[in-house]
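Observations on the three-dimensional arrangement
Single-letter residue listing:
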Amino acid sequence: MQQRIAHIALVVKEYDEAIQFYTEKLGFTLIEDTPQVDGKRWVIVAPPGAGECSLLLAKAANEQQAASIGNQTGGRVFLFLFTDDFWRDYNTMIARQIHFIRPPKQEAYGMVAVFEDLYGNRWDLLEPNKNNKGLNI
């Protein structure tokens, strides 16, 4: 058997503002933006070099979904952006005014800092140590 996680749905307020944030601020690639029925769109973005998993930007369709925007995990870190050069990406993100809520810190598993996306979802920017199995990029 072979399985993989292909997409992670991220509930957003508006498609275009989310696309702009992820492509311009985080440097992600817009993989697909296909119109669907009822004004919905199939919008997929991914970081450069991503091969397995991407984000499906899903516009909130009702009040319950809208209430989850920015807090899909109850305030915990939601997504983990691995990098091969922490300081390059951290400094680029600072220059692009990404809001970091925890400063860079060397942990046993690698260099990490926590930032928020445009809605307040928490992310780890993480350069894993080369000797940590399962964390290599």
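Residues numbered from 1 in each chain as written. Predicted model: local features only at pLDDT ≥ 70, side-chain atom pairs only at ≥ 80, totals over all residues. Heavy atoms only, no water.

**Some words on the pattern of salt bridges**
All chains considered together, the criterion is met by six salt bridges. Where Glu 14 meets Lys 59, a salt bridge forms, and the shortest distance between an N and an O atom there is 3.5 Å. With Glu 14 in the loop between strand E1 (7–12) and helix H1 (15–25) and Lys 59 in strand E4 (residues 54–59), the pair connects residues that are 45 residues apart, well separated along the chain. The exposure class assigned to Glu 14 is partly exposed, which follows from its relative accessible area of 41%. Residue Lys 59 is classed as partly exposed on the basis of its relative accessible area of 34%. Close ionic contact of Arg 88 with Asp 84 constitutes a salt bridge, the shortest N to O distance being 2.7 Å. Linked by salt bridges that have partners in common, Asp 16, Asp 33 and Arg 41 make up one network. (Salt bridge = Lys/Arg side-chain N within 4 Å of Asp/Glu carboxyl O. Helix = DSSP H or I, 4+ residues; strand = E, 2+ residues; numbered from the N terminus. Buried < 20%, exposed > 50% of the residue type's maximum accessible area, 1.4 Å probe, protein only.)

**Brief notes about the sheet that holds E4**
Spatially, the four strands line up as an open sheet ordered E1-E4-E3-E2, and their pairing is mixed. The sheet is open, and its two borders are formed by E1 and strand E2 (29–35), each paired with just one other strand. Neighbour to neighbour, the strand axes of the sheet diverge by 25° on average, direction disregarded. Across six bridges, the pairing between E1 and E4 is parallel. Bridged to Val 11 within E4 is Ala 58. (Pairing = 2+ DSSP bridges. Axes fitted to C-alpha atoms, helices over the stretch in contact; angles between N-to-C directions.)

**Concerning the environment of Val 114**
Relative to the helices and strands, Val 114 resides in strand E7 (residues 110–116). Separated by 37 residues in the primary sequence, Val 114 and Val 77 place their C-alpha atoms 7.7 Å from one another. Dropping the residues within four chain positions of it, Val 114 is found in contact with Val 77, Phe 100, Ile 101, Arg 102, Arg 122, Trp 123 and Asp 124. (Contact = heavy atoms within 4.5 Å.)

**Concerning the sheet that holds strand E5 (residues 77–82)**
Spatially, four strands are ordered E5-E8-E7-E6 in an open sheet, and the strand pairing comes out mixed. Because the sheet does not close on itself, it has two edges, and the strands there are E5 and strand E6 (99–107). Along the sheet, successive strands turn relative to each other by an average axial angle of 20°, direction set aside. Bridge analysis of E6 against E7 gives six bridges, and the strand direction is antiparallel. Residue pairing across strands places Phe 100 opposite Phe 115, the latter belonging to E7.

**Describing the layout of surface pockets**
In this structure, the largest pocket spans a volume of roughly 800 Å³. What lines the largest pocket is a set of 32 residues, among which Pro 47, Ala 50, Phe 80, Leu 81 and Phe 82 lie closest to the centre. At the level of secondary structure, the elements contributing two or more residues to the lining of the largest pocket comprise strand E3 (41–46), E4, E5, helix H3 (86–95) and strand E8 (122–128). For the lining of the largest pocket, the class distribution of residues is 19 nonpolar, seven polar and six charged. (1 Å grid on protein atoms, 1.4 Å probe; cavity = no way out; pocket = protein on both sides within 12 Å on 5 of 7 lines; lining within 4 Å. Points joined across faces, edges and corners; volume = space filled by probe spheres on them. Nonpolar A, V, L, I, M, F, W, Y, C, P; charged D, E, K, R; others polar.)

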